[in-house]
Amino acid sequence: MSLDLMELLPGDWRERLEPLVDPLGVAALGAFVAQEYEEQTVYPPREDLFNAFRHCPFDKARVLILGQDPYHGPGQAHGLSFSVRDGVKPPPSLRNMYKELAADLDVPVAKTGDLTAWADQGVLMLNAVLTVRASEAGSHAGKGWEDFTDAAIRALNAKQDRVVFVLWGGYARKKAKLITGERHVVHESAHPSPLSAKKFFGTRPFSTVNKALADAGEPEIDWTVTPRP
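Conventions used here
- Residues numbered from 1 in each chain as written.
- Predicted model: local features only at pLDDT ≥ 70, side-chain atom pairs only at ≥ 80, totals over all residues.
- Heavy atoms only, no water.
- Helix = DSSP H or I, 4+ residues; strand = E, 2+ residues; numbered from the N terminus.
- Rg over C-alpha atoms; globule rule 2.2 N^0.38 Å.
- Buried < 20%, exposed > 50% of the residue type's maximum accessible area, 1.4 Å probe, protein only.
- Contact = heavy atoms within 4.5 Å.
- Areas by Shrake-Rupley, 256 points an atom, 1.4 Å probe, with all protein chains shown as cover.
- Lys, Arg positive; Asp, Glu negative; His and termini not counted.
- Charge placed at Lys NZ, Arg CZ, Asp CG, Glu CD.
- UniProt positions renumbered as here; feature names shortened; annotations may be inferred.
- Expected span 1.5 Å × (residues − 1).
- Core = buried A, V, L, I, M, F, W, Y, C linked by side-chain atoms within 4.5 Å.
- Pairing = 2+ DSSP bridges.
- Phe/Tyr/Trp six-rings, centres within 6.5 Å; stacked < 30°, edge-to-face > 60°.
- Lys NZ or Arg CZ within 6 Å of the ring centre and 35° of its normal.
- Polar contact = N/O pair within 3.5 Å; in protein donor to acceptor, adjacent residues only side chain to side chain.

Participant: Help me get a handle on the overall build of the chain, residues and values and all.
Facilitator: Of the regular secondary structure elements, the chain holds 10 helices and 6 strands. The C-alpha atoms of the chain give a radius of gyration of 17 Å, which matches the 17 Å a tight globule of 229 residues would have. Each principal axis of the C-alpha atoms in the chain carries an extent, and together these give about 50 × 40 × 35 Å. Residues counted as buried form 53% of the 229 residues belonging to the chain. Sequence-distant contacts in the chain: of pairs separated by 6 or more residues, those separated by 24 or more amount to 68%. For the chain, the exposed area adds up to about 10,500 Å²; of that, 50% sits on carbon and sulfur atoms. A gap of 6 Å separates the mean positions of the 26 positive and 30 negative side-chain charges of the chain.

Participant: Mind laying out the UniProt feature "active site" (unreviewed entry) in the chain, listing which residues take part and the relevant values?
Facilitator: The sites that UniProt annotates as "active site" (unreviewed entry) are Asp-69. Within the secondary structure, Asp-69 sits in the loop between β2 (63-67) and α5 (92-105).

Participant: Requested: an account of helix α3 (residues 23-39), with residues and values cited.
Facilitator: Between its first and last C-alpha, α3 extends 24 Å over 17 residues, near the 24 Å set by a 1.5 Å rise per residue. All of the buried residues along α3 are Val-26, Leu-29, Gly-30, Phe-32, Val-33, Ala-34, Glu-36 and Tyr-37. Each element contacted by the buried residues of α3 is listed here: α1 (5-8), β1 (42-43), β4 (132-133) and α7 (145-157).

Participant: An account of the nonpolar core is requested, with residue identities and associated values reported.
Facilitator: Within the largest apolar cluster, 73 residues are counted, with the highest numbers of intra-cluster contacts made by Trp-13, Phe-53, Ile-65, Trp-118, Trp-145 and Phe-148. By residue number, the principal contributor to this core is α7, which donates 7 residues. Here Trp-13 is in contact with Phe-53, Cys-56, Pro-57, Phe-58, Ala-61, Leu-124, Ala-152 and Leu-156, once residues within four sequence places are set aside.

Participant: I'd like a description of the pairing of strand β5 (residues 164-168), backed by residues and values.
Facilitator: Remark: a regular strand shows side chains that alternate across the two faces of the sheet. For β5, the tally of buried residues reaches 5 of 5 residues, placing the bulk of the element in the interior. Neither face of β5 is left uncovered, since the one carrying Val-164, Val-166 and Trp-168 and the one carrying Phe-165 and Leu-167 both have all their residues buried. Pairing of β2 with β5 involves 4 bridges; the strand directions are parallel. Residue pairing for β5: Ile-65 is matched across the bridge by Val-166. Examined bridge by bridge, β5 and strand β6 (residues 185-189) share 5 bridges and lie parallel to one another. Each bridged residue has a counterpart across the sheet, and for Trp-168 the counterpart in β6 is Ser-189.

Participant: Now, about the packing of aromatic side chains: what can you tell me, with residues and values included?
Facilitator: Evaluated as defined, the whole model comprises 13 aromatic pairs. Ring centres of Phe-206 and Trp-223 lie 5.0 Å apart, and the angle between their planes is 70°; on these two criteria the pair is classed as edge-to-face. Placement of Phe-206 in helix α10 (residues 205-215) and of Trp-223 in the segment after α10 is noted, with a sequence separation of 17 residues between them. Judged on exposure class, the residue Phe-206 and its partner Trp-223 are both buried. Members of the aromatic cluster, each reached through a chain of ring pairs, are Phe-82, Trp-118, Trp-168, Phe-200, Phe-201, Phe-206 and Trp-223. One Lys or Arg, Lys-159, reaches over the ring of Phe-58 and ends 5.0 Å from the middle of that ring.

Participant: Tell me about the side chain of Asp-104, and name the residues and values.
Facilitator: For Asp-104, the position within the fold is in helix α5. Among the polar contacts listed, one links the side chain of Asp-104 to the backbone nitrogen of Phe-206, at a separation of 3.1 Å. Dropping the residues within four chain positions of it, Asp-104 is found in contact with Arg-204, Pro-205, Phe-206 and Ser-207.

Right, here's the structure in full:
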């Protein structure tokens with residue numbers, strides 16, 4: 001049994017990623033992921049695997065917020081980095097993001113952790129690794145997802161319009177080497193995790209993104225988060 005990952009991708013993203021990935025590597029990754037879904041509890045649910053790409057079409061993508069791997073607790077991960085389903089308590093990193101957002105742009109702290117509203121405005125909420133075993137953080141690292149999502153970063157780098165890349169923490173910041181287009185903007189800082197939050201607070205990522213977009217003649221992101229209907 002295997003998953004055809006390229007076939008599961010939305011067509012616009014598949015068109016951009018296919019020239020940038022190794023077909024044999026993607027096939028091996030698809031076989032691994034399929035077996036894990038079959039034999040283990042894996043997050044996010046299979047139907048949510050590519051939500052980041054589904055909610056943020058390639059042509060509309062103008063911001064990337066890069067996470068590491070999905071939340072590994074029940075009911076949390078739904079395919080968008082840092083986001084949890086409506087009704088699930090926001091995890092510590094997301095709560096710290098909300099605190100910084102309130103300090104940065106005076107946006108009220110949200111009661112929901114569902115960031116789909118950001119994705120729908122062109123924010124690609126992408127994890128570097130797109131699946132994880134329940135209760136085993138990092139369990140699907142090094143299986144091929146990194147090459148797959150690096151291809152997505154390279155595809156965004158090739159866009160002629162400005163993209164703002166938000167890289168929080170040492171892991172994400174290593175991806176800065178993939179971003180070579182002078183028209184793009186890279187915002188790097190500490191991770192919003194409680195372990196590094198003191199260095200994260202005050203970095204003003206949300207206003208930085210909006211200024212970079214406005215400078216390029218692009219609409220700003222409305223960072224307000226409200227429960228989905």
